[in-house]
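# Structural characterization, general
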Amino acid sequence: MIIMDNINLFDKNVNKKYKGLREDMPAGSIEILSPDIIDIIIHNMGIKKSMDYTENGITYNVTFSSYTELDDDGMVGTYVDPPEDNNFRDIKLIVTGFHRKWDTEVTLSHEYISVMPDRELKHLINFQRAILKTGKL
């Protein structure tokens, strides 16, 4: 039941923030619409560096690439093993499913998901919903 509550809250956030926008409009970033998304990604990456999240008939294959964090010496370090906690600046993922031919570099911060190159808004929303529906492994 917790997943359905999270999905309902997620859908309310989508309607509040993005209602009226054309979903086929390209976007370079979008707010993370549920705080659980980061926790799910970090948890699942600790188990598998690559996994599938599916929603609305679209499968997003997510492969961990790297993450950055502010080290004790004040410098930003880049690491190729998944983070163990939320002490990161950003997480880079390589994702297929946003486009039928090419992969997409996805960067997660604590507040936003950014994609390179820009992808359709509907995919940025659907991708987050797929992560929520799959949940933690």
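The following refers to the structure shown.

Cut-offs and rules
Residues numbered from 1 in each chain as written. Predicted model: local features only at pLDDT ≥ 70, side-chain atom pairs only at ≥ 80, totals over all residues. Heavy atoms only, no water. Helix = DSSP H or I, 4+ residues; strand = E, 2+ residues; numbered from the N terminus. Buried < 20%, exposed > 50% of the residue type's maximum accessible area, 1.4 Å probe, protein only. Core = buried A, V, L, I, M, F, W, Y, C linked by side-chain atoms within 4.5 Å. Contact = heavy atoms within 4.5 Å. Salt bridge = Lys/Arg side-chain N within 4 Å of Asp/Glu carboxyl O. 1 Å grid on protein atoms, 1.4 Å probe; cavity = no way out; pocket = protein on both sides within 12 Å on 5 of 7 lines; lining within 4 Å. Points joined across faces, edges and corners; volume = space filled by probe spheres on them. Nonpolar A, V, L, I, M, F, W, Y, C, P; charged D, E, K, R; others polar. Phe/Tyr/Trp six-rings, centres within 6.5 Å; stacked < 30°, edge-to-face > 60°.

Attention now moves to the overall build of the chain. Along the chain, the regular secondary structure elements total three helices and seven strands. Ordered by position from N to C terminus, the α and β elements of the chain give α-β-α-β-β-β-β-β-β-α. Principal-axis analysis of the C-alpha atoms places the extent of the chain at approximately 45 × 35 × 25 Å. When the 137 residues of the chain are sorted by exposure, 41% land in the buried category.

In this fold, K133 is placed in helix α3 (residues 121-134). Classification of K133 by relative accessible area gives partly exposed; the value is 38%. The sequence separation of K133 and E55 amounts to 78 residues, and the corresponding C-alpha distance is 7.7 Å.

Side chains that are nonpolar tend, in soluble globular proteins, to be buried together. Core analysis: the largest hydrophobic core is formed by 36 residues, its most contacted members being I91, L93, V106 and F127. Sort the elements by how many residues they give to this core and α3 lands first, with seven residues. Excluding residues that lie within four positions of it along the chain, V106 makes contacts with I91, K92, L93, V95, F98, I113, S114, V115 and F127.

Here we come to the pattern of salt bridges. Counting across every chain of the model gives five salt bridges. Ionic pairing is found between E31 and K17, a salt bridge with its closest N-O pair at 3.1 Å. Taken together, the positions of E31 in strand β1 (residues 26-31) and K17 in helix α1 (residues 2-18) put the pair 14 residues apart, joining distant regions of the chain. A relative accessible area of 35% means that K17 is categorised as partly exposed.

The full count for this structure, using the stated rule, is one cavity of 30 Å³ or more. Within this model, the largest cavity holds a volume of roughly 40 Å³. Lining the largest cavity, in full, are N44, M45, K48, K49, M51, Y53, V62, T63 and F64. Elements with a minimum of two residues in the lining of the largest cavity: α2 (36-47), β2 (50-55) and β3 (58-70). Looking at the lining of the largest cavity, the element that brings in the most residues is β3, giving three residues. Considered class by class, the residues forming the lining of the largest cavity number five nonpolar, two polar and two charged.

Each aromatic ring pair is summarised here by two numbers: the centre-to-centre distance and the angle between the ring planes. One pass over the structure, following the stated rule, counts four aromatic pairs. Consider the rings of Y60 and F127, whose centres lie 5.4 Å apart with planes at 70°: the pair is edge-to-face. Separated by 67 residues along the polypeptide, Y60 in strand β3 and F127 in helix α3 bring together distant segments of the chain. With respect to class, Y60 is no different from F127; both count as buried. Among the aromatic side chains, those forming a connected cluster through ring pairs are Y60, F98 and F127.

Turning to the side chain of T68, a few remarks are in order. Position of T68 relative to the elements: it lies in strand β3. Excluding residues that lie within four positions of it along the chain, T68 makes contacts with V76, G77, T78, F88, R89 and D90.

By themselves these figures say nothing about function.
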